[in-house]
Every structure is written in C-alpha cells, then in structure tokens.
Amino acid sequence: MTISETVSDSLAAAQRRSRQIEREIALGDADAFRILTGDRPTGHLHVGHYFGTLANRVRLQDAGAELFVLVADYQVLTDRDSVGHLGEYVTSMVCDYLAAGVDPAKSVIFAHSAVPELNQLLLPFLSLVSVGELQRNPTVKAETARSRQSSVSGLMFCYPVHQAADILAVKANLVPAGQDQLPHVEITRLAARRFNERYGATFPEPDTLLSSAPLLLGTDGGKMSKSRGNAIELRATADETAGLIKRARTDTVREITYDPANRPEVSSLVLLAALCLDADPVSVAAGIGSGGAAALKRVVTEAVNEKFAPLRARRAELAREPGYVRQVLRDGCEAARSVATATLTEVRDAMSMRY
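Think of each chain on its own: its residues are numbered from 1, step by step along the sequence as written. Only residues with pLDDT of at least 70 are given local features in this predicted model, and only at 80 or more are side-chain atom pairs given and counted; all residues enter the totals for whole chains, interfaces and linings. Heavy atoms throughout the structure, all of them, feed into the side-chain values; hydrogens and water do not.

**Details of helix H12 (residues 264-277)**
Thought 1: Here H12 spans 20 Å end to end across 14 residues, near enough to the 20 Å set by a 1.5 Å rise per residue.
Thought 2: The cut-offs for exposure are 20% and 50% of the maximum accessible area for each residue type, with area from a 1.4 Å probe on protein chains only; residues under the lower value are buried, those over the upper are exposed, and the others partly exposed. Every helix listed is a DSSP run of H or I at least four residues long, and every strand listed is a run of E at least two residues long, numbered separately from the N terminus. Counting buried residues along H12, 11 of its 14 residues qualify, which places the element largely inside the surrounding structure.
Thought 3: Those residues of H12 that fall on the buried side of the exposure criterion are Glu265, Val266, Ser267, Ser268, Leu269, Val270, Leu271, Leu272, Ala273, Ala274 and Cys276.
Thought 4: In the core, the buried residues of H12 are packed alongside helix H2 (47-63), helix H13 (281-288) and helix H14 (292-319).
Thought 5: A positive backbone phi angle near 55° is found at Asp278, which sits one or two residues after H12. Expected helix span is taken as 1.5 Å per residue step, with the number of steps being one fewer than the number of residues. The contact rule is simple, with two residues in contact once any of their heavy atoms fall within 4.5 Å.

**Examining the packing of aromatic side chains**
Thought 1: Stacked, tilted and edge-to-face are the three classes applied to pairs of Phe, Tyr and Trp rings, where Trp contributes its six-membered ring and a pair requires centres within 6.5 Å; stacked means planes under 30 degrees apart, edge-to-face means over 60, and tilted covers the rest. Inspection of the entire model under this criterion finds seven aromatic pairs.
Thought 2: Note on Tyr50 and Phe51: the rings are 5.1 Å apart at their centroids and 85° apart in plane angle, and the pair reads as edge-to-face.
Thought 3: On the accessibility criterion, Tyr50 (13% relative accessible area) is buried.
Thought 4: The interplanar angle of 75° and the centroid separation of 5.5 Å between the aromatic rings of Phe125 and Phe203 together place this pair among those described as edge-to-face.

**Some points on the packing of helix H9 (residues 159-169) against helix H10 (residues 182-199)**
Thought 1: Interaxial angle, 0 to 180 degrees, is taken between N-to-C directions of lines fitted to C-alpha atoms, where a helix line uses only the stretch in contact. Following both chains from N to C, one finds H9 and H10 inclined at 65°, their axes separated by 8 Å at the closest point. Taken as axis vectors, H9 and H10 run roughly perpendicular relative to one another. The interaxial crossing formed by H9 with H10 has right-handed handedness. Here Tyr159, Pro160, Val161, Gln163, Ala164, Ile167 and Leu168 of H9 come into contact with H10, specifically with His184, Ile187, Thr188 and Ala192.
Thought 2: All amino acids are sorted into three groups, where Ala, Val, Leu, Ile, Met, Phe, Trp, Tyr, Cys and Pro are nonpolar, Asp, Glu, Lys and Arg are charged, and the leftover types, Gly among them, are polar. Class assignment for the residues of the contact of H9 with H10 results in eight nonpolar, three polar and no charged. Geometric relationships in this document are graded by angle, where less than 35 degrees denotes roughly parallel, more than 145 denotes roughly antiparallel, 65 to 115 denotes roughly perpendicular, and other angles denote oblique. Crossing handedness is read from the near helix: turned anticlockwise from the far helix by less than a right angle, it gives a left-handed crossing, and turned clockwise, a right-handed one.

**Here's the deal with empty space enclosed by the protein**
Thought 1: A cavity, in this analysis, means grid points on a 1 Å lattice covering only the protein atoms where a 1.4 Å probe fits yet has no way out; a pocket is instead an open set bounded by protein on both sides within 12 Å along at least five of seven lines, and a residue lines either one if it has an atom within 4 Å of a point. Grid points are joined across faces, edges and corners, and a volume is the space filled by probe spheres set on the points. As enumerated under the stated definition, the model contains one cavity of 30 Å³ or more in all.
Thought 2: Its boundaries defined by the atoms lining it, the largest cavity holds a volume of some 110 Å³.
Thought 3: Around the largest cavity, the lining is made up of 15 residues, and of these Leu217, Gly218, Thr219, Ser268 and Leu269 lie nearest the centre.
Thought 4: Ranked by the residues each element gives to the lining of the largest cavity, the list is headed by H12, at four residues.
Thought 5: In terms of residue class, the lining of the largest cavity is made up of eight nonpolar, five polar and two charged.

**Some points on the nonpolar core**
Thought 1: The term nonpolar core refers to a set of buried residues drawn from Ala, Val, Leu, Ile, Met, Phe, Trp, Tyr and Cys, joined through side-chain atoms within 4.5 Å. Ranked by internal contacts, the top residues of the largest apolar core, which has 96 residues, are Tyr97, Ile109, Phe110, Phe125, Leu272 and Phe308.
Thought 2: For this core, the element with the highest residue contribution is helix H3 (residues 86-100), accounting for nine residues.
Thought 3: Once residues lying within four places of it in the same chain are set aside, the contact partners of Ile109 are Val69, Val71, Val94, Tyr97, Leu98, Val102, Val328, Leu329, Gly332 and Cys333.

**Examining the side chain of His46**
Thought 1: Checked against the element boundaries, His46 lands in the loop between strand E1 (34-39) and H2.
Thought 2: With relative accessibility at 4%, the residue His46 sits in the buried group.
Thought 3: Apart from residues lying up to four places away in sequence, His46 is in contact with Met224, Ser225, Lys226, Ala231, Ile232, Glu233 and Leu234.

**A word on the layout of surface pockets**
Thought 1: In this structure, the second largest pocket encloses a volume near 330 Å³.
Thought 2: Taken together, 15 residues line the second largest pocket, and the ones lying closest to its centre are Glu22, Asn56, Arg59, Ser211 and Ser212.
Thought 3: For the lining of the second largest pocket, the elements supplying multiple residues, two or more each, are helix H1 (3-26), H2 and strand E5 (207-210).
Thought 4: Ranked by the residues each element gives to the lining of the second largest pocket, the list is headed by H2, at five residues.
Thought 5: Residues that form the lining of the second largest pocket fall into these classes: six nonpolar, six polar and three charged.

**Details of the environment of Lys223**
Thought 1: You can see Lys223 is positioned in the loop between E5 and helix H11 (238-246).
Thought 2: Using a relative accessible area of 57% as the deciding quantity, one classes Lys223 as exposed.
Thought 3: C-alpha of Lys223 to C-alpha of Gly48: the two residues are 175 residues apart in sequence and 9.8 Å apart in space.
Thought 4: If we skip the residues at most four places from it in the chain, Lys223 touches Gly218, Arg228 and Asn230.

**Some thoughts on the pairing of strand E2 (residues 66-71)**
Remember that side chains alternate between the two faces of the sheet whenever the strand is regular.
Thought 1: The buried fraction of E2 is high, at five of six residues.
Thought 2: Two elements, E1 and E2, share six bridges in a ladder whose sense is parallel. Looking at E2, one finds that Arg34 is bridged to Glu66.
Thought 3: When the strands point away from the viewer and the connection leading from the first strand across the helix to the second strand turns clockwise, the crossover is called right-handed. For the crossover that starts at E1, traverses H2 and ends in the parallel E2, the hand is right-handed.
Thought 4: Pairing between strands is defined by DSSP: at least two bridges between them are needed. In terms of strand pairing, E2 meets strand E3 (residues 108-111) through four bridges, oriented parallel. Within the sheet, the bridge partner assigned to Val71 lies in E3 and is Ala111.

**Looking at the pattern of salt bridges**
Thought 1: A pair is scored as a salt bridge if a Lys or Arg side-chain nitrogen falls within 4 Å of a carboxyl oxygen belonging to Asp or Glu. Under the criterion given, the structure shown has 17 salt bridges.
Thought 2: The residue Asp251 makes a salt bridge to Arg263 at a minimum N-O spacing of 2.8 Å. Of this pair, Asp251 sits in the loop between H11 and H12 while Arg263 sits in the loop between H11 and H12, placing them 12 residues apart in sequence.
Thought 3: In this structure, a network of salt bridges that share partners links the residues Arg17, Glu24, Arg189, Arg193, Glu205 and Asp207.

**Re unusual backbone geometry**
Thought 1: We note that Lys171 has phi near 55°; this positive angle belongs to a residue other than glycine.
Thought 2: With respect to the element layout, Lys171 can be found in the loop between H9 and strand E4 (174-177).
Thought 3: Look at Lys171 and you get partly exposed, because its relative accessible area is 24%.
Thought 4: Phi angles above zero are rare outside glycine, and Asp278 is one such case at about 55°.

Written as structure tokens, this is what we have:
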C-alpha cells in the first residue's frame, strides 16, 4: 500500500481518533499525551499562527498535556540556500511563544541544532522508508513545487523522515496537525512500526490531533506568510496593524457579508474580527452591514488591537530581556537533549550498537 493510499484510507480514522482524544482531554485526561509541535524560524510569527497553532498549544499545555515545542532551525534549509536572519527569527519566535502563554515551567522549547541525538536518529529512520514512499508523499510534492531553489535538496526530500525523528526522539504520542500534514505523520507512524517490527517495541505510533484551524488570508489576498510581507505580525504595534489592515484587499460590493467561497478577501477580514471578538462571523458581517470596506477595516483594526494588546505588552517586556529568552531556550534544549539521549541509547541497544 502506498503512502497516499494509507493517508486516504486513514483520514476518517484520524478524524474519529481526534474526536476521541478531544473527549479525553475534556474529561481531564490530557496528561496521557506527550505532544510534539513546532515551527520553522523563517520569519516573525503572525496572527494566523496564533489562531492556527499557538492558542491551541497553550490550551493543551494548560489542560495538562506534556508539550515539546520545536524551533526547527535546521529545516530552514529545506527550501533556502542560506539561513538568513536565523538568530533574530529564533529569538523572536521564542518571545512569541512565551508571550502567547507557553510556560517554560510546564513545556519544553528547544531547537534542532542543539539536540544532536535527535538528528542522529535520522540515519536509522532513513533505512526504514523507501525512496518511492518519499517520492509519493503528497506534502513533499507540494513543498517541492513551492520551493525557491532551482533543484530539490536532499534535506527537502528527507523532510518527512527528519520530522519523524523530531517526533520519535521525544517519544511523542500526539501531533497536532492540519489535514495537509497527515502524510508526514503517517511516515512517522510507518517508521515507528517498522523499527518496532525489526528491533523490538521501542516507539509509540503517534496519533494526529487534526486541527480545525481557520484559514486567514494575507492582506494581499494570498496565503498569510512569514516571508511574503502580507501578515499582521504578533510583534506589530497598533499603528502598524492599522496600516496593514487599511491596505488589505477587499472588493467593490458595499454590503459586508461572510461568504468565503465568493468573497474570500472580505470574508477573511470578517473572520479575523470574529476570532478576536470570539463571535460568529456571520453576525459580525451583519453588524457592519452596508458600512462598506472602511467600516469593516475599522472593526477589524479595533478587534485585533484589543485582542493582542496584552500579548504585545508581554512580548515587549520579553524583547527587553534577550538574556532571559535565550536562557529559556537553552534550558529547553538541555531538557529535550536529555530525553533524546535516552531514546538514542534505547535505539542503540535495540540495534546492538552499544560497543
């Protein structure tokens, strides 16, 4: 069975399992889950990240799940020729995590490059997955098509296996992800299953906690992106936010409605306001009515600035304490390395590679 067939066949099962996991979390059983999640530090995080992943991470952490948050610095190179402003983006990302509510007393924030044991696991895992399986991975196909490079690097090609090493190095049993990331988690489950079959029970086969994260468009009507200059960054000031929203694309229809299929730019702004106000987007649109784009943008600006004012205040304090932010990351790297070292030792024992 191919990876694509596996993903297709398992989507309904993943959805059922996600619903079951959410019920378990609601019943107070979140401490049964160790979660691995993270981001590539290719730019500054934005409001799409907050509503897409950050708020959910904090929810799971506060419910009692064990949370590992990866700053995937090595994976910056999957589709780039250099690391660019990596140091700046890493510090900025950790500031955003902390300001959003990720608590270093409860959760572990760490970086690829500081945990060599994790990266060593890539080698045995590569032996468990075929070239054909990687070539057929739909997410690799899509990311390769969007790549900025003239040719596909080996790191891009092996990206799903590196992600498997991320997850299994800390023995995570739950990975929050969107449907488009399900093929990556299936590669992880495949690697875990094959390792266990060949060398003995060592790894969990992690479940996917499927995300229902809303899709927010950038101010240019395209996908909101760290690197496209079309996003409202978490670190933005109130005035910067107002300026970005003022330039956001809308349409020529004065009556404001929530119709994502036919009015994507307008609907994305309505949805952003609704998320900030914890309201129904249809009701938000109805409240604006015939006020037109100007009224819509005014409502969105006020909602975003009010919602993120506390986070931005915390973030500004953190930005003035770079030593503390770096120490949080160093402490997290040390904690993650301890877990990954134990995992690597177990792998070497299983493979008779302890000399």
